[in-house]
Amino acid sequence: MTSPFYITTPIYYVNAKPHLGHLYTTVSADVASRFHAMLGADTFFLTGTDEHGDKIVKAADQEKISPKEYADRISRLFYDLWPLFHIGNDKFIRTTDPAHEAVVLQILQKIFDSGDIYFSEYEGLYCFGCERFYTERELVGGKCPDHGTIPETIKESNYFFKMSRYQDWLIDYIQTHPEFIQPERYRNETLAFLREPLEDLCISRPKSRLQWGITLPFDDKYVTYVWFDALINYISSLGYPNGEAFRQFWPQARHLVAKDILKPHGIYWPIMLKAAGIEPYQHLYVHGYWNIDESKMSKSLGNVVDPYYLQSTYGSDAIRYFLMREMVFGLDSNFSEALMVERINADLANDLGNLFSRVLAMVHKYFNGTVPEIAVQVQSGKNGDLFPPSRHAIETFKTEMGNFAFHKAILAVWDLISVMNKYVVSNAPWDLAKADDQKAKDRLADIMYNLIEGLRVIAGLILPIMPQTSLTMQKHLGISRDNALSSLDQISLWGTTQPGTVLPKPVTLFPRIDIKKPAAAEQPPVEPKPLLNLKPEIAFEDVTKLDLRVGTVIQAENIPKANKLLKLTVDLGAERRTIIAGIAKSYSPEEITGKQIVVVANLKPAKLMGIESQGMLLAAVTEASTTVVTPSRPMPDGAPVK
Ligand code: MSP
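Analysis parameters
Residues numbered from 1 in each chain as written. Predicted model: local features only at pLDDT ≥ 70, side-chain atom pairs only at ≥ 80, totals over all residues. Heavy atoms only, no water. Near = heavy atom within 4 Å. Polar contact = N/O pair within 3.5 Å; in protein donor to acceptor, adjacent residues only side chain to side chain. Helix = DSSP H or I, 4+ residues; strand = E, 2+ residues; numbered from the N terminus. Contact = heavy atoms within 4.5 Å. Pairing = 2+ DSSP bridges. Axes fitted to C-alpha atoms, helices over the stretch in contact; angles between N-to-C directions. Buried < 20%, exposed > 50% of the residue type's maximum accessible area, 1.4 Å probe, protein only. Phe/Tyr/Trp six-rings, centres within 6.5 Å; stacked < 30°, edge-to-face > 60°. Lys NZ or Arg CZ within 6 Å of the ring centre and 35° of its normal. Core = buried A, V, L, I, M, F, W, Y, C linked by side-chain atoms within 4.5 Å. Domains from an automatic or database assignment. Salt bridge = Lys/Arg side-chain N within 4 Å of Asp/Glu carboxyl O.

### Side note on the site of the ligand
- Around the ligand there are 23 residues in total, and Ile11, Thr25, Asp50, Asp260 and Trp290 lie nearest to it.
- Contact between the ligand and tyrosine 13: an oxygen atom at 3.0 Å from a main-chain N or O atom of the residue.
- A distance of 2.7 Å separates a nitrogen atom of the ligand from a polar atom in the side chain of aspartate 50.
- Put simply, the parts of the chain that give the shell around the ligand at least two residues each are strand 1 (5–13), helix 1 (20–38), helix 7 (226–231) and helix 8 (233–236).

### Observations concerning the side chain of arginine 456
- Its place among the elements puts arginine 456 in helix 18 (residues 438–461).
- Every residue in contact with arginine 456, bar those within four places of it in the chain, is listed here: Leu477, Ile479, Leu485, Gln490, Ile491, Leu493, Trp494, Gly495, Thr496 and Thr497.

### Comments concerning the sheet that holds strand 1
- Spatially, the six strands line up as an open sheet ordered 3-2-1-12-13-7, and their pairing is parallel. Among the strands making up the open sheet, the edge pair consists of strand 3 (91–94) and strand 7 (181–182).
- Pairing geometry for strand 7 and strand 13 (residues 283–287), over two bridges, is parallel. Pairing of isoleucine 181 across the sheet is with leucine 284, part of strand 13.
- Helix-sheet contacts for helix 1 involve strand 1, strand 2 (43–50), strand 12 (253–258) and strand 13, and the interaxial angle to strand 1 is about 165 degrees.

### A few points about helix 12 (residues 316–326)
- Of all 11 residues making up helix 12, 11 are buried, and the element is well covered by its neighbours.
- Along helix 12, the positions that sit buried rather than exposed are Ser316, Asp317, Ala318, Ile319, Arg320, Tyr321, Phe322, Leu323, Met324, Arg325 and Glu326.

### A look at the packing of aromatic side chains
- Per the stated rule, a full pass over the model turns up 37 aromatic pairs.
- Taking 5.8 Å as the distance between ring centres and 70 degrees as the angle between the ring planes, the aromatic pair formed by tyrosine 24 and tryptophan 290 counts as edge-to-face. Of the two residues, tyrosine 24 is situated in helix 1 and tryptophan 290 in strand 14 (residues 290–292); the sequence distance between them amounts to 266 residues.
- When its relative accessible area of 4% is taken as the criterion, tryptophan 290 is described as buried.
- Each ring, one from phenylalanine 119 and one from tyrosine 159, has its centre 4.6 Å from the other, and the planes form 45 degrees; the classification is tilted. Of this pair, phenylalanine 119 sits in strand 4 (residues 117–127) while tyrosine 159 sits in strand 6 (residues 152–161), and the two are 40 residues apart along the sequence.
- For phenylalanine 119, a relative accessible area of 45% puts it in the partly exposed group.
- Given a relative accessible area of 8%, tyrosine 159 falls into the buried group.
- The ring of tyrosine 126 is capped by arginine 209, whose NZ or CZ atom sits 4.7 Å from the centre of that ring.

### Remarks on the nonpolar core
- Among the nonpolar cores identified, the biggest contains 109 residues, and Leu323, Leu352, Trp414 and Ile458 are the most heavily contacted of them.
- Each of domain 1 (5–334) and domain 2 (336–492) contributes no fewer than three residues to this core.
- Residues in contact with isoleucine 458, not counting those within four places in the same chain, are Leu352, Leu355, Val413, Leu416, Ile417, Met420 and Met473.
- Ranked by size, the runner-up nonpolar core spans 62 residues in total, among them Val103, Trp169, Ile235 and Trp269.

### Structural notes on unusual backbone geometry
- Residue proline 241 is reached from tyrosine 240 by a cis peptide bond, and omega for that bond is 5 degrees.
- Along the chain, proline 241 turns up in the loop between helix 8 and helix 9 (244–249).
- With an omega of 10 degrees, the peptide bond running from tryptophan 250 to proline 251 counts as cis.
- The residue proline 251 is located in the loop between helix 9 and strand 12 in this model.
- In this structure, phenylalanine 404 takes a positive phi of about 65 degrees despite not being glycine.
- Residue position: phenylalanine 404 is located in the loop between helix 15 (387–402) and helix 16 (406–427).

### What to know about the pattern of salt bridges
- Overall, the coordinates contain 24 salt bridges when judged by the stated rule.
- In this structure, aspartate 30 engages arginine 34 in a salt bridge whose closest nitrogen and oxygen atoms are separated by 2.9 Å. You can see aspartate 30 and its partner arginine 34 sitting in helix 1, four residues apart, about one turn around the helix.
- For arginine 34, a relative accessible area of 26% corresponds to the partly exposed category.
- With its nearest N and O atoms 2.6 Å apart, the salt bridge here joins aspartate 72 to arginine 94. Residue aspartate 72 is located in helix 3 (residues 67–84), and its partner arginine 94 is located in strand 3; the two are separated by 22 residues in the primary sequence.
- The class of aspartate 72 is partly exposed, set by a relative accessible area of 31%.
- Connected through salt bridges with shared partners, the residues Glu51, Lys68, Asp72 and Arg94 form a single ionic network.

### Describing the domain arrangement of the chain
- For the chain, the assigned domains read domain 1 (5–334), domain 2 (336–492) and domain 3 (540–641).
- The gap between the C-alpha centroids of domain 1 and domain 3 is 48 Å.

### Regarding the pairing of strand 6
- Of the pairings in the sheet, the one linking strand 4 to strand 6 comprises 10 bridges and is antiparallel in character. Within strand 6, the residue paired with tyrosine 122 across the bridge is glutamate 156.
- Taken together, the two bridges between strand 6 and strand 8 (residues 201–202) define a ladder with antiparallel strand orientation. Of the residues in strand 8, the one forming a bridge with phenylalanine 161 is leucine 201.

Printed below as a string of C-alpha cells:
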C-alpha cells in the first residue's frame, strides 16, 4: 500500500498580489502531488491565504477599505491564478474561514489549559514588518535582518507560549529524524538556531494595537499572533480533530516552504503540535529564493514577476517546466525572461517538440499514420532498442521526484529524449524507407514502433510537470481518454501501443519564441494585468429580477449639505420618479438635465438625506470619474432594457 500523501504550500499573505515566488512553491507542490498520485497514493494538496495581522490592516488602510474587503480581493487573485496553471489543489483555505478560526480557538485553549501559555509584561524590540519581537542578537547592525529597519521598543503585557520547555525535545526529535527537515543544510540551520536558548513566543497582540485577528478564547482584550493562527491551517484544513481527512492524512504532512519561513515551520510549529498533544508532521521541504536578474525580487525595486503575465505570454506548461527545470531545489536561482525564453526554445521547442513532430511525421509518411505491426525486436516486450534507456529514465525519474529533486528528474527525461534523437539520426529511417527489401521494411517498423513507445514513456513522465502537453502528446500517440496514462506502472509497461492504431496528424507542441522579439520583451513583466474582481456568479433568473427602464431626466438640482448627490426627476413615460444619484462630482444639474438614462425601476424606495429615492440610475464608475449609462439612440421613456 502506498501511504497517503499530504502536501501543503505556505498560505500566502494577502498584503500583496501573487508573484513568481508563490507560483514556484505552488507548482512544486502540484508536481509532487501529481507524481504521488501516479504512484497510486491518495493525495491531498492544500494551499490558501493568510489573512490576519498588521500587514493586512496597513495594506487595507492604504486602499481605504476594510481588512476583510482587502483580504477578499487579494485572496481572489491567488484563488483565480491556480487554475490557469492547472494547479490541482484539493482545498484552498483562508484563515478568515470560520471553521479555521474555531480550530485556532480550540488549540489555544488546549495549550492554555495545559499550562504552556502564561501572561507577562514584556519590553522588547518589535519589527512591525515582521510583526514580531526581536532579540538584540537576532538584529543585524541593530536593524531587522529582513526589513533593514530599526525595531521600535515596545513595552506591553502579553501572553507567551512556553517554547523553551520543548527545546530539548525538538533537538532530539530533529536529530533522531534526519528526514524531518530537508535538504540537510536547512536541518543544520534549524539545529544551529536551537543551539542558543529558545525564547518563549509572544502569541498575543493587545486589541488597542491590532483588532484584525482571532480573539484569544481566554482574554477578549487580545487577538492571537498571526503565525500562531496561520500554522494551524495545516490541521484545520483536514478537519482537526475528528475529520475524516485528518485521520487519513495526518501526520503524513509534507510542508513545502522557502527558506524565509524556516523558523516558524521548523521550530514553532512542531512545538505547537507537541504542546497540543498532536503528533508532529513528517517532513519540511525547504527551497531557495528566486532572484530577478541577480537581485532580490521586491516591490520597491519594481522587479516583481507577475504570474498572470507569464501565463498569458508563454502558456502554463512552459512556465511550469522552466520553474521545475531551472531551480535546484534548496538553492537560490536566477530568473530572467531571456533565460527562460532560451530554455523554452532549446528544451521544449527543439528537443522535445522536434522529436515528437519528427517521429509522428515519419509514421504518417512511411505508414500512413498507422502504428506499424510489431516487428521481431519488440515482440518479446523487453528487447526493444529503446526499452533499456526508457526503463533507466523511469527509474531515475521516480527516485529524483521522490527526493523533490525536480530538475534531476527532468534531466532523466531529457536524457531519454536525447538518446531518441540520436537513435533517429543513427538509424536514418529515411534510408530504410527507400530500400525495398523486407528486412529493411521490418527494421523500419521496429524503429518507428520503438520511437512511438519511447514517446509514450515521455508523455507519461512529463504528466506531473506539464499536464496539458502530456495530454496532447497522448492524444497524438493514439492513447484514448479511457486509457489515459495515469500511473507509473502503466507507463513502465513496454509495448502497450497497439499496432494498427491510427494516429492523428502531428501538431507543434511548442512554437519557437523569437528571441529578438519575445512576445512582450519590451514590456517590463512587472505590471500586472488589470483583473476583473468579479462578484460571485449569479443565475440568469437573478438577472431577470431586475426591471431596467429608459427614462429622461427632466429636472435636476443639488442637495444642500450633500455635495456628492443630485436630486433628479426622471420621466419613465407612464410615471415620474425622484431619484437621488451620487453623480454630483461628475455632472452639474444642467449637464444631466435632458439626458436619457437607464434606471433600476423596481428597486425598493429608500430615504437619502431625508428624500425618498424611487430607483437608481446605472453609471460606469472608476476612482477618477463617473459616467452615466445612456442609450446610444433615443428610445421611448419607459422602454425596458434587457
Ligand atoms: N503567510 C506566511 C506563511 C504562513 S504558512 C503557515 C508567508 N506568506 S508569504 O506570502 O510571504 O509567502 C512566503 C512564501 O512565498 C515563501 O516561503 C515561498 O514559498 C514563497 N516565496 C516568496 N518569495 C519567494 C521567492 N523570491 N522565491 C521563491 N519563493 C518565494 O510567509
